[in-house]
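Letter by letter, the chains look like this.
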Amino acid sequence: GKTIKRENYQQMKAKLQKGDMLLLLDLDRLGRSWNIIKKEWQELTDMGVYITVINCPIINVMPDENGNISIDKRLIQSIMFELLCYLSQKEVEKISTRTKESLKARREAGIRLGAPPKLSAEQKAEIKSLRGIKSCKELAEIYGVDASTISRIK
């Protein structure tokens, strides 16, 4: 998720104990921003939780039988982890930019966004009085609502 303030995630995290393994499909399941992912990863590893990322096994660091992790493995894990945090953050930024551009283009094209406007009791009465005189489509254009809204009122 975009935030770590998810009820189920917090419940799961509260149950984790030293020596537990947390399985994640992807690293971005911890969060979407670089800082959130790093903070969560650090908190979990400080708790003694082993994190296994299924779709990126190169960042999975498990100690050997003596409880040690080789310096080579730690270096590779650290570099890949930072790269994946970067990619997660960039994806969020890209989606946000695309969404903003799309909404701007729709507004500029005259497409109304958001919930349909609420019609007053007076407007509803006017619509009922125009029954048979104007089509649902014509009334929808006049009042700036969907034709289905006009049909329900009629």
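Owing to the predicted nature of the structure, the values given are computational and were not obtained by experimental measurement.

**Let's talk about the packing of aromatic side chains**
Then, number 1: Per the counting criterion, the structure on display carries two aromatic pairs.
Then, number 2: Ring centres 4.7 Å apart and planes at 45° place the aromatic pair Trp 41 and Phe 81 in the tilted group. Taken together, the residues span a long stretch of sequence, with Trp 41 in helix α2 (residues 34-46) and Phe 81 in helix α3 (residues 71-108) at a distance of 40 residues.
Then, number 3: Overall, the relative accessible area of 7% leaves Phe 81 in the buried class.
Then, number 4: In this arrangement the basic side chain of Arg 6 is found over the ring face of Tyr 9, its NZ or CZ atom lying 5.0 Å from the centre.

**Side note on the pattern of salt bridges**
Then, number 1: The full count for this structure, using the stated rule, is eight salt bridges.
Then, number 2: With a shortest N-O distance of 2.7 Å, Glu 43 and Lys 39 are connected by a salt bridge. Of this pair, Glu 43 and Lys 39 are both found in helix α2, four residues apart, which corresponds to roughly one turn of the helix.
Then, number 3: Judged by relative accessible area, Glu 43 falls into the partly exposed class, the value being 30%.
Then, number 4: One salt bridge in this structure joins Glu 108 and Lys 104, with 4.0 Å as the shortest N-O distance. Remark: Lys 104 and Glu 108 occur in helix α3; sequence separation between them is four residues, near one turn of the helix.
Then, number 5: With relative accessibility at 47%, the residue Lys 104 sits in the partly exposed group.

Cut-offs used in this document
- Along each chain, the written sequence defines residue order, and numbers are assigned to residues from 1.
- The predicted origin of the model limits local features to residues at a pLDDT of at least 70 and limits the giving and counting of side-chain atom pairs to 80 or more, whereas totals for whole chains, interfaces and linings rest on all residues.
- The side-chain quantities take in all heavy atoms of the structure and omit both hydrogens and water.
- Pairing of aromatic rings covers Phe, Tyr and Trp, the last through its six-membered ring, and needs centres within 6.5 Å; plane angles under 30 degrees mean stacked, over 60 mean edge-to-face, and all others mean tilted.
- A helix here means a DSSP run of H or I that spans at least four residues, while a strand means a run of E at least two residues long, and both kinds are numbered starting from the N terminus.
- Classification of residues uses two cut-offs on accessible area relative to the type maximum, computed with a 1.4 Å probe and protein chains only: under 20% is buried, over 50% is exposed, and between them is partly exposed.
- Working rule: Lys NZ or Arg CZ, within 6 Å of ring centre, within 35 degrees of ring normal, means a charge sits over the ring.
- Just to be clear on terms, a salt bridge is a Lys or Arg side-chain nitrogen sitting within 4 Å of an Asp or Glu carboxyl oxygen.

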